Amino acid sequence: MDDEKSSPACVLAHMDVRRAWTRYLGPMSTQFEEGTTLDRFLLETMHAHPEARGQLVTLLKQVALAGKLVSARVNRAGLAGMFGATGSMNIQGEYVQKMDIYANEAFKRALEHAGVLCMMVSEEEDAPVRIPERFACGDYVFCMDPLDGSSNIDTNASIGTIFTIFRRRSPAGHGTPEDVLRPGTDIVAAGYIVYGAGTVLVLSTGLDAGVHGFTLDPAVGEFFLSHSDIRLDATTRTYSCNEAYAAQWDPRLRTWLDGLKAPELGWSARYIGSLVGDVHRNLVKGGLFLYPPTAKAPSGKLRVLYEAFPLAFLCEAAGGAATDGERRILEIVPTTIHQRTPLFLGNRDAVEAVLGALRG
Ligand code: AHG
Ligand code: MN
Ligand code: MN
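Residues numbered from 1 in each chain as written. Chains lettered and ligands numbered in written order. Predicted model: local features only at pLDDT ≥ 70, side-chain atom pairs only at ≥ 80, totals over all residues.

A. A look at the nonpolar core. The biggest cluster of nonpolar side chains holds 92 residues, and the ones touching the most others in it are L117, F142, F309, A312, L314 and L345. Sorting elements by how many residues they give to this core places helix α10 (residues 304-317) first, with 11 residues. Filtering out sequence-adjacent residues up to four positions away, F309 remains in contact with T164, G184, I187, A190, V304, I329 and L330. (Core = buried A, V, L, I, M, F, W, Y, C linked by C-beta atoms within 7 Å. Buried ≥ 20, exposed ≤ 12 C-beta atoms within 10 Å, placed from the backbone. Helix = DSSP H or I, 4+ residues; strand = E, 2+ residues; numbered from the N terminus. Contact = placed C-beta atoms within 7 Å.)

B. Geometry of the site of ligand 1. If you check the shell around ligand 1, you find E94, E123, D145, D148, G149, S150, N242, G273, S274, L275 and K301 and nothing else. Residues of the shell around ligand 1, tallied by class, amount to 1 nonpolar, 5 polar and 5 charged. Built from parts of two domains, the shell around ligand 1 gets at least three residues from each of domain 1 (34-227) and domain 2 (238-358). (Near = placed C-beta within 6 Å. Nonpolar A, V, L, I, M, F, W, Y, C, P; charged D, E, K, R; others polar. Domains from an automatic or database assignment.)

C. Structural detail: the domain arrangement of the chain. Here the domain parsing of the chain yields domain 1 (34-227) and domain 2 (238-358). Put simply, the middle of domain 1 and the middle of domain 2, counted by C-alpha atoms, are 23 Å apart. Contacts between the two partners involve 38 residues from domain 1, matched on the other side by 31 residues from domain 2. Among the secondary structure elements, those contributing two or more residues to the side of domain 1 that touches domain 2 are β4 (140-148), β5 (159-167), β6 (189-195) and β7 (199-204). Here the side of domain 1 that touches domain 2 gets 5 residues from one element, more than from any other, and that element is β5.

D. Focus on the packing of helix α4 (residues 38-47) against helix α5 (residues 55-75). Their axes nearest at 10 Å, the elements α4 and α5 cross at an angle of 165°. Between α4 and α5, the angle is such that the two are roughly antiparallel. At the point where α4 passes α5, the crossing takes the right-handed sense. Where α4 abuts α5, its residues L38, D39, L42, L43 and M46 lie against V57, L60, K61 and A64. Of the residues assigned to the contact of α4 with α5, the class counts are 7 nonpolar, no polar and 2 charged. (Axes fitted to C-alpha atoms, helices over the stretch in contact; angles between N-to-C directions. Parallel < 35°, antiparallel > 145°, perpendicular 65-115°, else oblique. Left-handed = near helix turned anticlockwise from the far one by under 90°.)

So this is what it looks like as structure tokens:
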């Protein structure tokens, strides 16, 4: 691994950490042969914010722990009897898979006791999750899709966990609706963990703090910095959508997408049907993801709080854009915790072209 590129100094250069670090501690070096651990990265990010009380670092470390548990279970799902559906449906009318339940429980158990959350929201839970009385409440709200792309579990395709973190607005105790029903511009950190050929945690702690990816080394059970300061490649021409629904889309969008197929434009298509997998590929390589409204899902399929918000946040932090077709995703103020939205996100010029097409 390239020392210069993977050192925390490079990653955090935008925060002026490098100068401060060099002055007090000497030049930074890579922590181990494998690189820089997630824990070191989080601590250094915290040190750059003297007012921080450490709750966000604790929270993100527990997220990484739950991610390791889910990753291990995903890797042996076929052996552990974890393929297939439970037979029940969630409040959103979707069949719940066994791994959905496992992931939901793993994240809840890892996070509820740490004294850093006042509330959780999960795709798998009808109502906000209350922190049990025996544990302390903390400063943050955690919204998650514990396992995204669960229809892909049985086929070993990429799946993932997606999360949004807000700092609470209410003063103390358990969280209230105002702590969670708020615009995405309030997000303090967002990320996902993709369980694919490898397990990668992608994180941003601010729209101007960059997007950084950490790959799990299963041999030692640690996440190491592997993708520092991810920027969307604006030259990539890849689109991702379920084109089988095109007849149900706004005809202006259909016409625009058909126009991309002119061979001289050089566009290509990639769609897994796992939002986290499709967006991870687009973040690393560049591209455009689309989930427009359809007849079956007239308000779109994807959920604002734990699918659209975190991925829009990462996309913007990586130099891209995200819209629902009319407004910036991060400016939506949801009125219910499982609210859905149409979603178009990726390279800024491609998102602007979609908006232009929809305006006619
Ligand atoms: P989830 O598994 O959390 O319910 O999410 C499924 C979502 C998302 O991962 C993906 O982008 C989308 O469903 C795919 O939907 P279609 O099958 O309609 O293309
Ligand atoms: Mn999902
Ligand atoms: Mn899910």
